[in-house]
Amino acid sequence: MSPEESLWRFSLAVYGRPGVDAACIDLQDRLGADVNLLLLALWAGAVCGTPLSAADLERLASEAAAWHRPVVAPLRGVRRHLKGIEGAEALRQAVKAAELESERLEQMRLCRASGLRPGAPDWGAAEANLRRLVPGEPAVALLLAAARDHEGE
């Protein structure tokens, strides 16, 4: 399996755990955190065993923003705008599918830019990576627990 596929499968599995989606959306809406960057940082430690420095994360954040701002964010805005508009549900679902694909493509870009490859887990690195992105946030514990649950599958 390619590193890009490993990251995407990991992300879907972790994001699908109870409470993770709400926690990620909260970090996104409240702090402006890029969920794909959070998931990459978690994957870097939990799957690749790699700590990411502040400089690494800054570089990857720039890479994410180059795709996220012009592609993902506008799609998300359209999807959210369409919510509850009578007769627009089919369009909303189509935009939602395009948004999900844009998220996958963002992750592919991030994975390639990171140069990471799956290896041995390092949970300390996973936690440190997340804490560099969202210091002091209780959601870090939830994300780590979700990743550990995924590891056991």
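Residues numbered from 1 in each chain as written. Predicted model: local features only at pLDDT ≥ 70, side-chain atom pairs only at ≥ 80, totals over all residues. Heavy atoms only, no water.

### Focus on the pattern of salt bridges
Scanning the entire structure with this criterion turns up 12 salt bridges. The closest approach of N and O atoms between Glu4 and Arg112, which form a salt bridge, is 3.2 Å. In this pair, Glu4 sits in helix α1 (residues 3-15) while Arg112 sits in helix α5 (residues 89-114), placing the two residues 108 residues apart along the sequence. According to the relative accessible area criterion, Glu4 is buried, its value standing at 19%. For Asp29, the salt bridge goes to Arg80, with nearest N and O atoms at 3.4 Å. Of the two residues, Asp29 is situated in helix α2 (residues 20-31) and Arg80 in helix α4 (residues 54-82); the sequence distance between them amounts to 51 residues. (Salt bridge = Lys/Arg side-chain N within 4 Å of Asp/Glu carboxyl O. Helix = DSSP H or I, 4+ residues; strand = E, 2+ residues; numbered from the N terminus. Buried < 20%, exposed > 50% of the residue type's maximum accessible area, 1.4 Å probe, protein only.)

### Details of the nonpolar core
Counting residues in hydrophobic clusters, the biggest one holds 37 residues, and the most contacted among them are Phe10, Val14, Leu42, Trp43 and Leu130. Secondary structure elements with two or more residues in this core: α1, α2, α3 (35-46), α4, α5, α6 (123-133) and α7 (139-151). Take this core: its biggest share by element is 10 residues, from α3. If sequence neighbours within four positions are ignored, Val14 has contacts with Val20, Leu39, Leu42, Leu143, Ala146, Ala147 and His150. (Core = buried A, V, L, I, M, F, W, Y, C linked by side-chain atoms within 4.5 Å. Contact = heavy atoms within 4.5 Å.)

### Brief notes about the side chain of Glu103
Positionally, Glu103 belongs in helix α5. Relative accessible area serves as the criterion here: at 12%, Glu103 is assigned to the buried category. A distance of 2.3 Å separates polar atoms of two side chains, one belonging to Glu103 and the other to Asn36. Residues within four places of Glu103 in sequence aside, it is in contact with Trp8, Asn36, Val72 and Arg76. (Polar contact = N/O pair within 3.5 Å; in protein donor to acceptor, adjacent residues only side chain to side chain.)

### Quick notes on α3
Helix length check: α3, at 12 residues, gives a terminal C-alpha distance of 16 Å against a target of 16 Å (1.5 Å per residue), a fit within 8%. Within α3, 12 of the 12 residues are buried, which leaves the element mostly enclosed by the surrounding structure. Considered for burial, the residues of α3 that qualify are Val35, Asn36, Leu37, Leu38, Leu39, Leu40, Ala41, Leu42, Trp43, Ala44, Gly45 and Ala46. Among the residues of α3, the N-terminal cap falls to Asp34, whose side-chain oxygen and the backbone nitrogen of Asn36 are separated by 2.8 Å. (Expected span 1.5 Å × (residues − 1).)

### A few points about the layout of surface pockets
Looking at the largest pocket, its volume works out to about 470 Å³. In terms of lining residues, the largest pocket is bounded by 19 residues, among which Tyr15, Arg76, Glu99, Leu100 and Glu103 are the most central. Where the lining of the largest pocket is concerned, the elements lending two or more residues are α1, α2, α3, α4 and α5. Residues of the lining of the largest pocket, tallied by class, amount to 7 nonpolar, 4 polar and 8 charged. Here the second largest pocket is characterised by a volume of approximately 290 Å³. Lining the second largest pocket are 16 residues, with Gly32, Ala33, Asp34, Val35 and Leu37 sitting closest to its centre. Per element, the largest residue contribution to the lining of the second largest pocket is 6 residues, and it comes from α4. (1 Å grid on protein atoms, 1.4 Å probe; cavity = no way out; pocket = protein on both sides within 12 Å on 5 of 7 lines; lining within 4 Å. Points joined across faces, edges and corners; volume = space filled by probe spheres on them. Nonpolar A, V, L, I, M, F, W, Y, C, P; charged D, E, K, R; others polar.)

Taken by themselves, the reported measurements are silent on function.
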